[in-house]
Amino acid sequence: MQRRHFLSASAVALAAPWAHASAPAELPKGTIKIYVGWAPGGGTDVFARIVGQRLSDMWGRPVVVENKPGATGALCADFFAKTKFTDGLNLLMAHVNTHAISPQIFKNITYDPLKDYAPIALIGATPHILVTGSKDKYASIQDVVELCKKQPGQVSFGSSGTGSVQHLAAEMFSMAAGVKTIHVPYKGSGPMATDLIGGQIDFSFDTMTASAPQVKAGKMQGIVQTRVTRAKGFPSLPTMDEQGFKGFDASSWYGVVGPKGMSKELAQRINADINKVLTMPDVVTRFDGYGVEGGGGSVDKFAAFMVSEYKKWGDVVRAANITEAS
């Protein structure tokens with residue numbers, strides 16, 4: 001999580017000029033919902049429920065998590081963008097796939113991730129881990145690069161599907177290393193992990209949330225992680241940046257957005273409350289266990305982050321020539 005900074009009263013006023021201008025916006029009456037584009041039990045769902053429960057405690061009102069899975073979150077994101085909500089408070093768990101990657105690959109996605117939602121708060125980001133089967137003898141990322149160069153176009157990597165972060169992270173690696181690899185897409189991380197452990201594919205840049213238990217159990221070998229700094233959950237695992245791939249950052253991130261047209265006052269009110277949730281000791285502990293770090297900050301900071309992520313992944317999609325059939 002972000003380190004706390006204890007500021008003087010004047011510094012706080014400068015950092016948040018609206019803080020003393022008016023009272024916090026009132027929450028709308030009616031049901032409070034957080035929509036999640038994945039099935040119950042996945043990382044996005046778990047994080048929504050952790051935050052939702054604490055917001056419920058804070059607001060004294062139930063916060064309902066509603067799951068609308070399909071198309072790696074895009075079905076729910078499309079529903080949310082095109083629904084004219086008439087009552088209650090409706091929020092969406094945005095994800096790197098729904099708001100930075102998929103709209104730049106799939107032609108049937110028609111929502112605009114930067115214009116059709118109101119940014120509220122970044123929940124956090126989780127690194128990915130370059131994993132191989134437990135029987136593979138790789139000591140570093142350089143060993144994997146050497147294998148790819150010895151067998152150009154023959155070494156395979158798996159992902160949870162075309163356009164997933166696992167897919168794009170591996171493409172980023174291949175371009176940076178100057179190697180050619182084979183993409184094998186799966187319908188989710190589960191079947192991909194089964195084939196990786198069984199030796200049907202060579203490696204994957206799987207999510208830390210999914211791969212950490214397998215690595216700790218000795219079923220997979222963790223080679224390197226993909227954020228610039230090491231996650232607390234894997235302090236001994238080096239980063240791609242440390243291994244010579246400077247600036248390499250491929251993470252899954254999660255955030256809360258509202259409907260287009262939500263007032264900035266209401267977005268700031270929810271943002272402030274989410275920031276409080278993210279500093280709660282039990283939430284910090286649970287998020288650290290999943291490798292979720294770097295959440296919090298202002299509405300404007302999250303909005304700028306979404307723009308930068310959209311650009312970054314768009315550059316990867318175009319450079320790797322990734323299409324629906326990739």
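Residues numbered from 1 in each chain as written. Predicted model: local features only at pLDDT ≥ 70, side-chain atom pairs only at ≥ 80, totals over all residues. Heavy atoms only, no water.

**Here we look at the pairing of strand β2 (residues 63-67)**
And then number 1: Here five bridges tie strand β1 (residues 32-36) to β2, and the two strands are oriented parallel to one another. The residue bridging Y35 from the neighbouring strand is E66, located in β2.
And then number 2: Handedness of the crossover joining β1 and β2 through helix α2 (residues 43-59) is recorded here as right-handed. (Pairing = 2+ DSSP bridges. Helix = DSSP H or I, 4+ residues; strand = E, 2+ residues; numbered from the N terminus. Right-handed = clockwise from strand over helix to strand, strands pointing away.)

**Details of the packing of aromatic side chains**
And then number 1: According to the stated counting rule, one finds 19 aromatic pairs in the structure shown.
And then number 2: Taking the centre distance of 6.2 Å and the plane angle of 85° together, the rings of W253 and F302 count as edge-to-face. Of this pair, W253 sits in strand β9 (residues 251-259) while F302 sits in helix α11 (residues 299-319), and the two are 49 residues apart along the sequence. Across the pair, exposure class does not vary: W253 and F302 are buried alike. (Phe/Tyr/Trp six-rings, centres within 6.5 Å; stacked < 30°, edge-to-face > 60°. Buried < 20%, exposed > 50% of the residue type's maximum accessible area, 1.4 Å probe, protein only.)

**A word on the confidence of the model for the protein chain**
And then number 1: Per-residue confidence for the protein chain gives a mean pLDDT of 90; residues scoring 70 or more make up 92%.
And then number 2: For the stretch residues 1-21, pLDDT sits under 50, and the model shows 17 contacts to residues farther than four places along the chain or on other chains. (pLDDT = per-residue confidence, 0-100. Contact = heavy atoms within 4.5 Å.)

**Describing the pattern of salt bridges**
And then number 1: Per the stated rule, a full pass over the model turns up 16 salt bridges.
And then number 2: For E309, the salt bridge goes to K312, with nearest N and O atoms at 3.1 Å. Here E309 and its partner K312 are both found in helix α11, three residues apart, which amounts to about one turn of the helix.
And then number 3: We classify E309 as buried; its relative accessible area is 7%.
And then number 4: Relative accessible area serves as the criterion here: at 23%, K312 is assigned to the partly exposed category.
And then number 5: Members of the salt-bridge network, linked through shared partners, are K33, E66 and K68. (Salt bridge = Lys/Arg side-chain N within 4 Å of Asp/Glu carboxyl O.)

**Let's talk about helix α6 (residues 165-177)**
And then number 1: For α6, which comprises 13 residues, the first-to-last C-alpha distance of 18 Å matches the rise-based estimate of 18 Å (1.5 Å per residue) to within 8%.
And then number 2: Counting buried positions over the 13 residues of α6 gives eleven, a clear majority of the element.
And then number 3: Along α6, the positions that sit buried rather than exposed are V165, Q166, H167, L168, A169, A170, E171, M172, F173, S174 and A177.
And then number 4: Positive phi shows up at G178, right after α6, with a value of about 70°. (Expected span 1.5 Å × (residues − 1).)

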